[in-house]
Structure formats: structure tokens, C-alpha cells
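Remarks on the overall topology
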Amino acid sequence: MTELPSSAKTVIIGGGIVGCSVAYHLGRMGQTDVLLLEQGKLTCGSTWHAAGLVGQLRTSANITQLLGYSVALYERLEQETGLATGWKRNGGLRLACNPERWIEVKRQATTATSFGLEMHLLDAKEAQKLWPLMQIDDVVGAAFLPTDGQASPSDIAMSLAKGARQKGVTIAEEVKVTGIEVEGGRVRAVVTDKGRITCEKLVIGAGQWSREIGQKAGVNIPLVSVQHQYLITEAIDGVTSNLPTLRDPDRLTYWKEEVGGLVMGGYEPNPMPWAERGLPDRFEFQLLEDDLEHFEPLLELAIGRVPAMQTAGIKQFINGPESFTPDGNFILGEAPEVRGIFVGTGFNAFGIASGGGAGMALAEWVAKGEPPYDLWPVDIRRFGKNTLDTNWVRTRTLEAYAKHYTMAWPFEEHHSGRPLRRSPLYDRLKAQGASFGEKLGWERPNWFADLAGGETPEDRYSYGRQNWFAAVGREHAAARERVAVFDQTSFAKFVVTGRDAEAALSWICANDVAKPAGHLVYTQMLNARGGIECDLTVGRLSETEYYIVTGTGFATHDFDWISRSIPDGLDARVVDVTSAYAVLSVMGPRSRDVLQALTDHDLSNGAFPFGRAKRMTLADAPLLALRVTYVGELGWELHIPVEFALTVYDALMAEGQRHGIANAGYRAIESLRLEKGYRAWGADIGPDHSPLVAGLGWAVKLKSNRPFQGREALEAQANGKLPRLLAGFTTDPSIVLLGRETIYRDGKRVGWLSSGGYGYTVGRSIGYGYVRDPENGVDRNKVLSGRYELEVATERVPAEVFLDPLYDPTMSRIKS
């Protein structure tokens with residue numbers, strides 16, 4: 001182009017595979033007023049040197065579906081545009097070289113079954129037939145995904161760009177973005193070295209430069225550059241064009257065929273960052289200097305797998321920086337800081353596998369205001385304040401990179417960048433044996449070791465029952481039989497204030513929050529499709545003030561959802577008060593006895609019933625007490641100004657000694673909630689699931705005539721057959737349920753577990769998952785009438801189904 005337009009409805013920054021994919025898909029949707037800007041030439045950043053492996057299976061069904069879309073797109077793209085893509089469906093092979101890795105692979109095979117993805121388990125010799133060049137002395141088994149493949153990254157991107165142009169999208173190269181104008185919380189224009197362009201929407205898909213570009217608009221994009229090395233050999237005898245891609249995680253390496261030779265790369269345990277003091281303005285079609293010394297350990301591991309590498313000639317050595325994120329997942333979605341700015345970046349060296357589907361999903365998000373389905377694992381709103389600092393992002397990202405091919409243990413925690421956010425109780429709890437986990441930078445007690453009994457507060461990972469299993473059982477029993485204290489300071493806490501606070505929340509909340517001051521309501525917040533966007537509690541403090549409590553990991557997401565859902569013209573504001581209050585949850589049949597001894601306020605059921613919120617004093621400290629439970633026991637959440645938290649905790653523990661009080665952590669909460677049937681957002685419920693299919697219809701004000709967001713969709717669903725219904729399952733206590741296990745009803749695959757764990761009171765393994773039959777519908781009788789099995793690590797085990805809570809003798813205690 002010689003001249004840029006002065007305006008465009010949508011501007012895309014970045015001409016790599018993701019930017020080109022977004023442009024292509026917007027064009028397909030009829031959005032032609034779209035301008036893509038590339039500071040150099042298309043693909044010149046990291047797309048051109050990507051390795052090009054395309055795998056599909058992930059731990060999320062929807063992300064697996066998104067990657068499957070990439071494969072389907074690449075198969076037809078060349079025919080559509082006339083440009084070659086280098087795509088071939090040669091399958092993907094993954095090796096397991098020790099017993100624990102074989103369990104992991106078998107669990108992945110069950111996940112593939114759950115998600116409807118074809119995957120075959122092979123013995124070592126069967127794997128060698130597919131990949132004859134490898135030695136198999138240490139191979140226990142392998143998995144083969146026949147629909148995986150490989151592509152030429154630059155060719156795919158250029159084909160997408162041509163398709164975008166054919167559909168009316170404009171692409172401008174050699175244009176550098178110098179600024180982004182934001183007005184009234186919305187994007188207004190992009191400023192470039194070639195002129196200013198007004199726009200309604202802006203997509204940042206600039207790879208490694210995305211964090212820097214986001215900062216121009218006050219948008220936080222948590223990623224950094226990491227060096228990634230691989231080599232390309234000369235032709236090797238026996239390498240055929242249909243050779244599958246190969247991943248050998250126990251040797252940290254991957255392979256693919258390339259013009260009769262091999263591409264070999266890997267993920268080293270000591271990764272090297274790049275551009276720690278800022279990215280260069282121009283880094284186009286460039287590589288970094290080879291670091292053979294750093295790469296040598298991977299090469300030695302590779303030669304052990306493929307002896308022909310000892311004599312193979314090296315055609316090219318590539319050291320190309322790529323963008324990586326703190327959790328190893330890419331980043332999609334509308335930025336919470338600025339309306340109209342969308343992000344698609346941070347692809348952690350699998351941008352080619354993701355590019356087609358990510359571009360489709362982000363284009364829909366831009367055009368329609370919402371993604372095609374729940375994309376929480378990659379949603380930009382999964383990040384919190386801990387990612388504002390680039391040094392922290394880099395530290396955590398390097399750890400995530402180093403774990404790319406290590407065992408994906410259940411319950412595994414990261415160790416870098418910790419501790420960062422600490423409750424006032426952190427040192428107290430650490431001294432008492434707390435083993436901490438981390439979420440959004442918060443240190444949270446997962447479980448407590450018996451220090452006097454010789455236990456060490458450190459996780460030892462396995463696919464069996466882990467070393468903390470008995471300790472969590474003790475904490476579970478304390479909450480069920482006596483009284484337990486949970487430090488839940490990390491809860492996200494918001495205040496909604498204003499003359500129209502009631503009207504605003506009555507529209508946003510599916511349950512009735514138009515209650516008198518002092519009432520506490522459990523509610524969902526729904527999207528227009530009736531899907532659950534938020535799952536939280538809302539307490540009314542006064543005529544103009546509400547107090548909202550939600551999960552730690554949902555702080556950014558829920559604040560953003562509430563803020564953007566307040567109808568225009570209403571006087572209502574949301575303030576994040578998370579850091580102002582510590583939270584101690586005191587739960588168990590003796591909780592009232594402990595608390596009543598520390599306050600003059602009447603805590604009897606008549607004076608302080610379930611579902612109420614009161615400002616009061618306890619142990620000389622002012623606080624807000626919420627009568628609520630997520631563990632299925634009598635109890636209160638105490639929201640305490642941080643400076644009083646230690647005083648209250650010490651008083652609770654001193655008074656509670658005669659009642660058998662105990663510290664307890666988040667793994668006990670999980671076990672307790674599974675027995676009680678409480679749902680977990682991001683697992684059992686989310687934007688794709690309505691309260692009706694989740695068994696939460698009782699928490700929706702459908703019987704009233706009051707409008708609320710999502711009501712029409714729920715009414716339509718209520719008048720038809722439900723396509724699925726959330727059910728619970730129990731099985732033998734020796735079976736470890738983790739989620740994603742396949743559900744079979746009368747021998748037919750009907751779904752998978754959304755969450756799993758163990759119930760210490762009932763003595764059974766417990767899982768939850770949706771029983772699906774979209775054609776014929778699902779109801780309570782149908783769910784309960786079937787004979788069920790669960791597939792766990794490729795083996796089916798008998799299971800019993802339930803819809804009512806497994807543990808309910810406590811209802812009289814909760815309500816009394």
C-alpha cells in the first residue's frame with residue numbers, strides 16, 4: 001500500500017500466523033473494513049522459523065476442539081486459496097519410557113476418548129514400525145494420533161493472508177505502530193509512522209512485541225521472549241515423507257520429517273531468555289547466534305533415540321526467540337483494561353497448531369462480542385496482579401518452559417516467583433506445617449503436615465495417592481466432626497456501590513439479590529446464551545452497597561464481567577477490595593461454640609440464620625461475618641481488616657483447643673465440596689453450561705417476572721429437553737479420579753468427568769460430569785436409570801451415579 005486509510009472498523013497489529021488467521025476469519029464473516037498492520041513483512045517475526053508440528057490433544061475439551069479446527073482448516077486451505085501450505089496429515093507419535101510416563105500416556109488416551117479424538121496405544125515394536133529409525137530399548141509404550149500432522153508455517157500464514165485479501169481485508173506491511181489512543185475506557189485510534197487510523201476494535205497479535213504494544217494502551221499481556229533452538233539435518237536414509245511427528249518427552253525432544261532429513265528440537269531444563277532489557281525495534285527474518293554448548297545435552301539425548309544422528313550432516317541450526325507465557329497456555333480475548341482491544345498472542349511454540357482455531361475464535365470474539373465457546377484456559381482474564389511485573393513473568397515463564405516435557409503431575413505446583421502475595425497468617429501457618437500452593441500470586445495452604453509426627457510439608461507427586469492423602473483426611477474429619485479453620489484470604493472481594501446498585505445487580509444476577517440489608521445470596525451471572533459466567537455470593541450491606549465474594553482465580557474475570565454488564569445510565573460502581581480483608585472460614589459442628597465465646601453478638605440460628613451477613617466484633621476486632629458454607633457444615637466466613645487478622649486467628653485457635661480445632665487447607669475443601677455436591681466454576685460449570693443443566697435451577701429467579709441477563713435463553717431451555725445434566729459418580733476408593741475420565745452409560749460413551757477426587761466421609765472416589773444426549777434429551781430419571789462405567793487410564797471400572805448430595809446429614813446443622 002502507498003497510503004493507509006484514515007479509519008477502519010477493526011485494526012490488527014501483527015502479520016504472523018495468528019494475525020493473518022484473524023484477518024482471514026473476519027473476512028469470511030463478511031467483515032471487510034479490516035486493516036492488518038505489519039511492521040516488517042508478513043511472517044518476519046517468529047512464524048517463519050517455527051518448527052511446524054501440529055498436535056491436537058489438550059487437557060481441555062474446547063482447546064482440543066479449537067486445535068482440531070486448525071487441522072480441518074489446513075486440510076482445505078490450499079484448495080481454497082491456491083497457495084501451498086505444506087500441510088500433511090502424517091500422524092503424531094508420543095513415547096513413554098518409564099512406568100509413570102506410561103500411566104500419563106494412558107490417561108491422555110482416555111482424555112482423547114472423552115473428547116472424541118482418535119488415539120491408539122502401541123507397544124514399543126509397533127511404534128518402531130511407524131518410526132523405524134529409533135531405538136526402543138527403553139520404550140515402555142507409545143500413543144499414536146493419526147489425525148495430527150505438520151505444516152510449513154510461512155506457507156500457512158501466506159495462504160491465510162491471501163484468503164483474507166480475497167475476502168476484502170486490507171494488509172499493509174512496513175507500518176510501525178507508535179501509539180494507541182484510548183478515550184473513556186475504549187480504544188479510539190492507532191497511531192503509526194505512516195499516519196493515524198481511527199478504529200472501533202483493535203487486535204494485538206504481535207507475538208513477542210505484544211506486551212510492549214499492550215503497554216501503549218495500559219493493557220497487561222503477560223509474556224516474554226525465550227530462545228528456542230532446533231536443527232535440520234541433511235537427508236538421512238530411511239526418512240520417508242510420511243514419517244509421523246515424534247515427541248519423546250522423557251528425552252525432552254521432538255522430531256519431524258523435512259525434505260528427507262529430520263527437524264530435531266526440544267525443551268531444555270535451563271531455558272535462556274531473550275531481550276531482557278527490551279525488544280529491538282526491527283528483528284525481521286533474523287535468528288540469534290547458535291548456542292551449541294547449550295543445545296548439546298539435548299543432542300546427546302536425541303542421538304540415544306536416533307543413532308543415525310551421529311553421522312547425519314547438519315543443514316541448518318536455528319535459534320529463534322518466541323513468546324512464552326507464565327502458564328504455558330496462549331492468550332486470547334478482550335483485554336479487561338480497555339474495551340475494544342483484543343489479544344491473540346503468547347503461543348509457546350505451538351502457534352502453528354493453534355493458529356487456525358485461535359484466529360477463528362478471536363475473530364468471532366471481535367465480531368460478536370463473545371467467543372464461540374468457553375475458552376477459559378486461554379482467556380487473558382485468567383491472569384492477575386502478579387503478572388504486572390515483567391521480571392516475575394519472566395521467572396515463572398522460564399519454569400513453565402522447562403516443564404514443557406516433564407511429567408504433568410496431578411496437583412503439581414510451580415515454585416518460581418514465590419512467595420509474592422501473602423496472607424497476614426502466612427508465617428503462623430508455615431510454622432504449623434502448612435504446605436502452600438499458589439494461585440494468582442497468592443500463597444494458599446493446601447494441607448498441613450504433622451510436624452511432631454515427622455511429616456514434611458512438601459508434595460511428593462505420583463499418579464497414585466500422594467503423600468498428603470492422610471493429612472487431608474485428618475483435616476476433612478476435623479471439619480465434619482469438630483471445627484476447622486481455613487485461611488481463604490485470597491478470595492476475590494468486590495464492593496458494588498451507588499444509587500442503582502440493586503437495579504444493576506438484579507439485571508446481572510440470575511438469583512434474587514433485591515433483598516433487605518443483611519441478606520446473603522448465592523447466585524450465578526449469565527451470558528446471553530444462559531451460560532454461567534460467574535458463580536459467587538452477594539451480600540447486601542445497605543440500600544446502596546453490596547459485598548461480593550468469588551474465587552481467587554476469577555478475580556480479574558469476574559470484576560471485568562460485572563463492570564461491563566452494568567447497564568448504561570445506572571449509578572453503580574465496582575471496587576476491588578480484595579487486599580483490604582483477610583478471610584478466616586470457621587467450619588464444623590463446633591464452629592458456633594468457638595465463635596460465640598469470642599463475641600457478645602448472638603450467633604444463634606434465630607439471631608444469625610443461614611444466608612445472612614453482619615458487621616460485628618469478635619475477639620475485639622471489627623469484621624464482616626457471612627453465614628455460608630462451601631464444605632457442607634455449619635460455619636461462618638469472617639472477613640477481617642488485615643491488621644486485625646492475626647489477633648482473630650490467635651483467639652480462635654486458643655478458644656478452639658477445647659473443641660478440637662484444626663487448621664485445614666484447600667485440598668480438604670475440595671474433598672468436602674465433592675461430598676456435598678457443590679459445583680466448581682472452570683470445571684463443573686462455566687459459560688457453556690446453564691444453571692438448568694448444572695442442577696442449579698433452584699438458584700435462578702425464573703418464577704418471578706423480573707428480567708435478568710440470560711433469562712430468555714433459560715426460558716427457552718426450560719421449555720425443551722435438556723441436552724445434558726450434571727451428575728455425580730462414585731467408584732472404588734482405590735481408583736484415583738482426576739477429571740476427564742470417560743463416562744459410559746449402558747456401554748455408550750456419554751461424556752467425561754469435569755472434576756474428581758476422594759470423599760473421606762463416604763470412603764469413595766467421587767467425580768462429576770455431564771451425561772449427554774443432545775438428540776433425545778436428558779432428565780433425572782434417564783440419568784438415574786442407566787448402568788455406568790468410568791474409563792480410567794484406558795480401563796473401565798464400574799461406577800454408581802447420584803444426583804443428590806452424597807453427604808447430607810449436616811443440613812440440619814447448616815440451617816440451625
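What this report covers is the structure whose coordinates are included nearby. Predicted model, so just to flag it, every value in this text is computed and none were measured.

With that settled, the discussion passes to the side chain of T253. As for its position among the elements, T253 is in strand β14 (residues 253-258). Ignoring anything within four residues of it in the chain, the contact list for T253 reads L246, R247, D248, M264, G265, G266, L298, A302 and Y405.

It is worth spelling out the packing of aromatic side chains at this point. Going through the model one piece at a time under the given rule, you end up with 28 aromatic pairs. Ring centres of F115 and W752 lie 5.2 Å apart, and the angle between their planes is 75 degrees; this geometry places the pair in the edge-to-face category. You can see F115 sitting in helix α3 (residues 99-115) and its partner W752 sitting in strand β35 (residues 748-759), a full 637 residues away along the chain. Residue classification places F115 among the buried positions, given a relative accessible area of 17%.

With that out of the way, let us pick up the pairing of strand β9 (residues 177-183). Bridging between β9 and strand β10 (residues 186-192) involves six bridges; their strand directions are antiparallel. Within β10, the residue paired with V177 across the bridge is T192.

Now for the environment of E370. Residue position: E370 is located in the loop between α8 (351-368) and α9 (390-402). Sequence spacing of E370 and A8 is 362 residues, and the spatial spacing of their C-alpha atoms is 21 Å. A distance of 2.9 Å separates the side chain of E370 from the side chain of R529, its partner in a polar contact.

Moving on, we come to α9. Between the first and last C-alpha of α9 there are 18 Å, a value that for 13 residues agrees with the 18 Å anticipated at 1.5 Å per step. Here α9 lies mainly inside the structure; 10 of its 13 residues are buried. If you check which residues of α9 are buried, you get W392, V393, R394, R396, T397, L398, E399, A400, Y401 and A402. The inward-facing, buried residues of α9 contact α6 (210-215), β12 (224-233), β15 (261-266), β16 (273-274), β17 (314-324) and β20 (434-439). Put simply, D389 is the residue that caps the front of α9, since its side-chain oxygen is 3.1 Å from the backbone nitrogen of N391.

Moving on to the packing of helix α2 (residues 61-81) against α8. The contact between α2 and α8 brings their axes to 7 Å, and the two run at 100 degrees. In terms of orientation, α2 and α8 fall into the roughly perpendicular class. Contacts between α2 and α8 involve L66, L67, Y69, S70, L73 and Y74 from the former and I352, A353, S354, G355, G356, G357, A358, M360 and A361 from the latter. Residues belonging to the contact of α2 with α8 are distributed by class as follows: 10 nonpolar, five polar and no charged.

In this structure, L332 and L375 are the most contacted members of the largest nonpolar core, which totals 47 residues. Residues in contact with L375, not counting those within four places in the same chain, are I63, L66, L332, A361 and W365. Ranked by size, the runner-up nonpolar core spans 45 residues in total, among them V263, Y267, V306 and W392.

Applying the stated criterion to the full structure yields 52 salt bridges. Of the charged contacts in the structure, one is a salt bridge between E80 and K167, with a shortest N-O distance of 2.8 Å. One end of the pair, E80, is in helix α2; the other, K167, is in the loop between α5 (153-166) and β8 (170-173), and 87 residues separate them in sequence. Among the residues examined, K167 registers a relative accessible area of 23% and is labelled partly exposed. Through salt bridges with shared partners, a single ionic network connects E334, R339, D379, R381, D560 and R564.

Let us now look at the sheet that holds strand β38 (residues 795-802). If you walk around this closed barrel you meet the six strands as β33-β36-β35-β34-β37-β38, and the pairing is antiparallel. For this sheet the average axis-to-axis angle between neighbouring strands, irrespective of direction, equals 40 degrees. Both strand β37 (residues 788-792) and β38 contribute to a ladder of five bridges, which runs antiparallel. Bridged to Y788 within β38 is A799. Strand contacts of helix α16 (residues 666-676): β35 and β36 (764-772), with the helix running at about 130 degrees to β35, the strand carrying the most contacts.

Cut-off values and rules
Residues numbered from 1 in each chain as written. Predicted model: local features only at pLDDT ≥ 70, side-chain atom pairs only at ≥ 80, totals over all residues. Heavy atoms only, no water. Helix = DSSP H or I, 4+ residues; strand = E, 2+ residues; numbered from the N terminus. Contact = heavy atoms within 4.5 Å. Phe/Tyr/Trp six-rings, centres within 6.5 Å; stacked < 30°, edge-to-face > 60°. Buried < 20%, exposed > 50% of the residue type's maximum accessible area, 1.4 Å probe, protein only. Pairing = 2+ DSSP bridges. Polar contact = N/O pair within 3.5 Å; in protein donor to acceptor, adjacent residues only side chain to side chain. Expected span 1.5 Å × (residues − 1). Axes fitted to C-alpha atoms, helices over the stretch in contact; angles between N-to-C directions. Parallel < 35°, antiparallel > 145°, perpendicular 65-115°, else oblique. Nonpolar A, V, L, I, M, F, W, Y, C, P; charged D, E, K, R; others polar. Core = buried A, V, L, I, M, F, W, Y, C linked by side-chain atoms within 4.5 Å. Salt bridge = Lys/Arg side-chain N within 4 Å of Asp/Glu carboxyl O.

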